Amino acid sequence: MKEAEDFLVKKLTERKLAHNLRSLPTVNPNLIDFCSNDYLGFAKSSLLKHKIEAFQQQIGTIENGSGGSRLLSGNRAFTEETESFIAHFHETESALIFNSGYDANLGLLSSLGQRGDTIIYDELIHASLIDGARLSFADRLKFKHNDISDLELKLQKAKGTIYVAIESVYSMDGDIAPLKEIHRICEKYGANLIVDEAHAVGVFGDHGKGLVYQNGLNGKIFACIVTFGKALGCHGAAVLGSHNLRNYLINFARSFIYTTAIPLHGIISIKAAYTLLAEQDQQQALYQRIVLYRKLISTLKWPRTDSLSAIQTLILGNAEKAKNTAVNLQQLGYDVRAILSPTVAIGTERLRICLHSFNTPEEIEGLILKLKTHER
Ligand SMILES: Cc1ncc(COP(=O)(O)O)c(C=O)c1O
């Protein structure tokens, strides 16, 4: 017991000394949100709330919890209808809902990769995809971020069934993968492409169908992951792909099988959010904010990734500076957060600034003015 406690204290002290000790911040609702992944304001939308309530009334069943896993007492006709709705929306064959994006990626990659197979992934992919690959029995190879030549080198080395895992929008950099080129090279080597669309759904493509759809690749990608906790403002995720893939995951994805299903009210929220996305064009307002931000930020000298998405970065280069700048901006009324190592590489500690359709031009201008005073 003493030994284990000493170990905990040692690891926490190391983090503290490196200025990257994590703690749980309470969200201050009075600050201007430049931090959440609620890109379209769905998480706080009264319109969405009313839609959810209307669906709940229509269904009428009282259900606080689902009572079990999807394979036992947790499956509902409404859940399967919602999955068909999602598949239809993204114009793919099928969808399977998982409890979170983390669970979807973990279950997908860990169940696919068999001994002798290879999972190749972009060096900046999300931890959930890395963890899924680690839990699989496949060999793992990493390629340089968005670098087609390096991907090709890794494809030449790969053995067995090959899977290539990427994000369409990178969560900590906001930049976009060259989807068409990556798809082409995967085809050349017979590799199966897996695209995490967590930060593209709701933001890119007709009605927010995502970048895979925008590039005309829907139905041509082995598996896509869409998540509901970001632009859709609720919770959960789905893997999109063939009927065979869906049936395979129901049988082999342990993070799908061995967990209690999302309760009906969670599924209702997902269906309502997708309905809202299908009914309205929410993307224009967000896009205008991104254009304005990019124009104003170009006068600052701090390095940043060239991002056309809702995720913008300012690379401050060390943990202390990133943290202090974020705290200072919060004191001035702007909820901006620092992203530190090990989430990003040492030396690339940054501010991750998320733009939303509900951020006013004045709020964006105000933030840039404050950033300018910090740069001096
Ligand atoms: C690219 C990416 N994939 C997956 C996830 C996990 O999704 P969720 O928050 O639904 O678990 C995230 C969220 O941080 C993400 O950024």
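Note that the structure is predicted; figures quoted are calculated from it, not measured. (Residues numbered from 1 in each chain as written. Predicted model: local features only at pLDDT ≥ 70, side-chain atom pairs only at ≥ 80, totals over all residues.)

Chemist: Pulling in residues and values, what's your account of the site of the ligand?
Modeler: Neighbouring residues of the ligand: 13 residues in total, closest Ser100, Gly101, Tyr102, Ser171 and Ala198. By residue class, the composition of the shell around the ligand is three nonpolar, eight polar and two charged. (Near = placed C-beta within 6 Å. Nonpolar A, V, L, I, M, F, W, Y, C, P; charged D, E, K, R; others polar.)

Chemist: Break down the packing of helix α2 (residues 46–59) against helix α11 (residues 264–279) for me, with residues and values.
Modeler: At a minimum axis separation of 9 Å, α2 and α11 run at an interaxial angle of 125°. By the criterion of interaxial angle, the relationship of α2 to α11 is oblique. Taken as a pair, α2 and α11 cross one another with a handedness that is right-handed. Two secondary-structure elements touch here, α2 through Leu47, Leu48, Lys51, Ile52, Phe55 and Gln56 and α11 through His265, Ile268, Ser269, Lys271, Ala272, Ala273, Thr275 and Leu276. Partitioned by chemical class, the residues of the contact of α2 with α11 number eight nonpolar, four polar and two charged. (Axes fitted to C-alpha atoms, helices over the stretch in contact; angles between N-to-C directions. Helix = DSSP H or I, 4+ residues; strand = E, 2+ residues; numbered from the N terminus. Parallel < 35°, antiparallel > 145°, perpendicular 65-115°, else oblique. Left-handed = near helix turned anticlockwise from the far one by under 90°. Contact = placed C-beta atoms within 7 Å.)

Chemist: Break down the domain arrangement of the protein for me, citing the residues and quoting the values.
Modeler: The domains assigned to the protein are domain 1 (19–40 + 282–375) and domain 2 (47–279). Taken over C-alpha atoms, the centre of domain 1 sits 26 Å from the centre of domain 2. Each partner contributes to the interface: domain 1 provides 20 residues, whereas domain 2 provides 16 residues. At the level of secondary structure, the elements contributing two or more residues to the side of domain 1 that touches domain 2 comprise α12 (283–297) and β9 (311–315). Counting residues per element, the side of domain 1 that touches domain 2 draws most heavily on β9, at three residues. Of the residues that constitute the side of domain 1 that touches domain 2, the class distribution is eight nonpolar, nine polar and three charged. (Domains from an automatic or database assignment.)

Chemist: Help me get a handle on the nonpolar core, residues and values and all.
Modeler: Generally speaking, soluble globular proteins have nonpolar side chains that are buried together. If you look at the biggest cluster of nonpolar residues, it comprises 107 residues, and the most contacted ones within it are Leu108, Ile120, Val164, Ala165, Ala238, Val239 and Ala273. The element best represented in this core is α11, accounting for nine residues. Formed jointly, this core draws a minimum of three residues from each of two domains, domain 1 (19–40 + 282–375) and domain 2 (47–279). Once residues lying within four places of it in the same chain are set aside, the contact partners of Val239 are Leu96, Phe98, Ala104, Leu108, Ala223, Ile225 and Leu249. (Core = buried A, V, L, I, M, F, W, Y, C linked by C-beta atoms within 7 Å. Buried ≥ 20, exposed ≤ 12 C-beta atoms within 10 Å, placed from the backbone.)

Chemist: Before we move on, can you summarise the environment of Arg76 with the specific residues and values?
Modeler: Locating Arg76 in the fold gives a position in the loop between α2 and α3 (77–89). Accessibility expressed as a C-beta count within 10 Å gives 19 for Arg76, which makes it partly exposed. Once the C-alpha coordinates of Arg76 and Val169 are considered, the two residues, 93 residues apart in sequence, prove to be 32 Å apart. If we ignore the near neighbours within four places in the chain, the residues touching Arg76 are Leu264 and Ile267.

Chemist: Help me get a handle on the pairing of strand β8 (residues 237–241), residues and values and all.
Modeler: Buried residues dominate β8, accounting for five of its five residues. Alternating positions in β8 separate into two faces, Ala237, Val239 and Gly241 on one and Ala238 and Leu240 on the other, with burial throughout. Here strand β2 (residues 94–98) runs beside β8; their pairing, made up of five bridges, is antiparallel. Note on β8: the bridge partner recorded for Ser94 is Gly241. Looking at chain direction, strand β7 (residues 223–227) and β8 are connected through five bridges and run antiparallel. Pairing of Ile225 across the sheet is with Val239, part of β8. (Pairing = 2+ DSSP bridges.)

Chemist: If you had to explain the sheet that holds β9 to someone new, which residues and values would you point to?
Modeler: Taken in spatial order, the three strands of this open sheet run β9-β12-β11, and their pairing is antiparallel. Looking at strand neighbours, the two that pair on one side only are β9 and β11 (337–339), the edges of this open sheet. With strand direction ignored, the average angle separating the axes of adjacent strands in the sheet is 35°. In this structure, β11 lies alongside strand β12 (residues 350–354), joined through three bridges in antiparallel fashion. Counterpart to Arg337 in the pairing with β12 is Arg352.

Chemist: Could you give an account of the sheet that holds strand β4 (residues 139–143), with specific residues and numbers?
Modeler: What holds strands together in a sheet is hydrogen bonding between their backbones, with the strands either parallel or antiparallel. Ordered by their spatial adjacency, seven strands build an open sheet running β2-β8-β7-β6-β5-β3-β4, and the pairing between neighbours is mixed. Strands with a single pairing partner mark the edges of an open sheet, and in this sheet they are β2 and β4. Between one strand axis and the next, the sheet turns by 20° as a mean value, whatever way the strands run. Contacting β2, β3 (118–122), β5 (162–167), β6 (192–196), β7 and β8, helix α4 (residues 101–112) runs over the sheet at an angle of about 160° to β7. Seen against the sheet, helix α9 (residues 243–252) touches β2, β7 and β8 and runs at an angle of roughly 25° to β2.

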